[in-house]
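So the chains spell out like this:
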Amino acid sequence: MAIQNRIADFHADMTAWRHHIHENPEVAFEETQTSAFVAGKLSEFGIEVHRGLAGTGVVGVLQGEGRDTGKTIGLRADMDALPMQEENTFAHASKVAGKMHACGHDGHTTMLLGAARYLAETRNFSGTVNFIFQPAEEGAGGGKRMVEEGLFDRFPCDMVFGMHNWPELPPGKMGVRSGPVMAGADRFEITIQGRGGHAAQPHLGVDPVVVAAQLVVAAQTLVSRGLSPVECGVVSITRIHAGTAFNIIPNEVKLAGTVRALTPEIRQQLEDGLRNLVRTLPPVFGATGELVYHLGYPPTINHADPTVIAAAVAAKVAGAENVLGDMGPSMGAEDFAYMLNARPGSYVWLGQGGSALGCSLHNPRYDFNDDVLPMGASYWATLVETVLPRAA
């Protein structure tokens, strides 16, 4: 394992930074303290700081000491916490009721700060590195907003890279794959309108509960009978609201759920299929259906050439035997997708171990594994020195 010695030297500092961020969680677009902390550290390291993109976003810009080649690279970390109550009792547990870092963004921010400190001290590269600290990854689309507000116009990046901790992988392992790595995530609401009445006289009305039940079952065929068996997709109906009493057939039923897909084509196919189902199935029973469909994060799709680079750097840092190139994609979603849609790049997973009672993502007892901070920071630093080699 090739951990940068200098980064290992300030492991204790990184741990302290991570604990500070963990204690003071801020949710989407409210990361004022976190962004101020990040900006302060970057300034302390001698890095040019830009604030305000996507509200609370921070971008640090650092030039290498080698001859300026005009080449650029972007490294992105997310900063936001989740709106959930932490159940841990250790000293650095959340001090804010109803908010916690349950997805490791505190660790992501810390690892990028560690790489920034190292690169600012050594500057053993040519060109420009942009340290992108993004707000609002957890469902609010901070990555999309940064791109829309001109991230890559103001801070050009030939390639952009992201990283996420992965509790399912042991510490010291990394997952790197080309193509789809995370799914697109859409959500929907369906209203089935029938004609209510007495539950003892169903023949006098149109029961929307029965129609909704048929639709729930039929929706599963969009994947099981609509997609090839070797393709991936998910249609999950997760909420059903209907009725007020045991003896009243309601007028309507409301359903809601999510659609997940690994490619834009399958994503569109599932949306079209759901629209057709809601339009055609309820009238068979004398009811009507209405669908409101919300496009969420698109699929996160790694580009081939940057992923070759990411895999080589991961092998250098973690050891080739510890880099998994055959990991299947996750059906979770990630708004780094917007950056990958705008620029070539790659998104990798960093193993941090885990246990059934505490390290799974979005768990109230989750905590980032501080032991892997130097490895993540070393990956970032080595990536920069590889993509932007020092030119005499």
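Only a predicted model underlies this, so the values are computations on that prediction, with no experimental measurement involved.

Visitor: Help me out: how do you make sense of the UniProt feature "binding site: Mn(2+)" (unreviewed entry) in the chain in this one?
Guide: UniProt's entry tags Cys103, His105, Glu138, His164 and His362 with the feature "binding site: Mn(2+)" (unreviewed entry), counted in the numbering of this structure. Despite a sequence span of 260 residues, these residues sit close together in the fold, their greatest C-alpha distance being 13.3 Å. Of the annotated set, the members that line the largest pocket are Cys103, Glu138, His164 and His362. Setting aside residues no more than four positions away along its own chain, Cys103 makes contact with Leu82, His108, Glu138, His164, Asn165, Leu361, His362 and Tyr366. Turning to its location among the elements, His362 is positioned in the loop between strand E16 (345-351) and helix H12 (373-387). The contact partners of His362, leaving out residues within four places of it in the chain, are Leu82, Met84, Ala102, Cys103 and Glu138.

Visitor: Mind showing me how you'd approach empty space enclosed by the protein here?
Guide: As enumerated under the stated definition, the model contains 1 cavity of 30 Å³ or more in all. Considered as a void within the structure, the largest cavity measures approximately 40 Å³ in volume. Contributing to the lining of the largest cavity are His20, Ile21, Asn24, Gln33, Thr34 and Phe37. Elements with a minimum of two residues in the lining of the largest cavity: helix H2 (11-23) and helix H3 (32-45). A per-element tally of the lining of the largest cavity places H3 first, with 3 residues. Within the lining of the largest cavity, the residues separate by chemical class into 2 nonpolar, 4 polar and no charged.

Visitor: What should I look at first to understand the environment of Ala337 in this one?
Guide: Position of Ala337 among the secondary structure elements: in helix H11 (residues 337-342). By relative accessible area, Ala337 is classed as buried at 0%. Taking the C-alpha atoms as reference points, Ala337 and Asn302, 35 residues apart in sequence, are found 8.8 Å from one another. The contacts of Ala337, once residues within four sequence positions are left out, are Pro298, Pro299 and Thr300.

Scoring rules and cut-offs
- Positions within a chain are numbered from 1, following the residues in the order the chain's sequence is written.
- This being a predicted model, a pLDDT of at least 70 is required before a residue's local features are given, and a value of 80 or more before pairs of side-chain atoms are given or counted; all residues contribute to the totals for chains, interfaces and linings.
- Each side-chain value is derived from all of the structure's non-hydrogen atoms; neither hydrogens nor water enter the calculation.
- UniProt positions are given in the numbering used here, feature names are shortened, and annotations may be inferred rather than shown by experiment.
- Site definitions follow a grid-based scheme: protein atoms alone, a 1 Å grid, a 1.4 Å probe that fits but cannot get out for cavities, and for pockets an open set with protein on both sides within 12 Å along at least five of seven lines, plus lining residues having an atom within 4 Å of a point.
- When checking whether two residues touch, look at their non-hydrogen atoms; a contact exists if any pair is within 4.5 Å.
- Working definition: helices are DSSP H or I runs of at least four residues, strands are E runs of at least two. Numbering for both runs from the N terminus.
- Grid points are joined across faces, edges and corners, and a volume is the space filled by probe spheres set on the points.
- Three residue categories are used. Nonpolar comprises Ala, Val, Leu, Ile, Met, Phe, Trp, Tyr, Cys and Pro, charged comprises Asp, Glu, Lys and Arg, and polar comprises the others, including Gly.
- Remark: exposure states derive from per-residue accessible area (1.4 Å probe, protein chains only) relative to the maximum for the residue type, with buried under 20%, exposed over 50%, and partly exposed in between.

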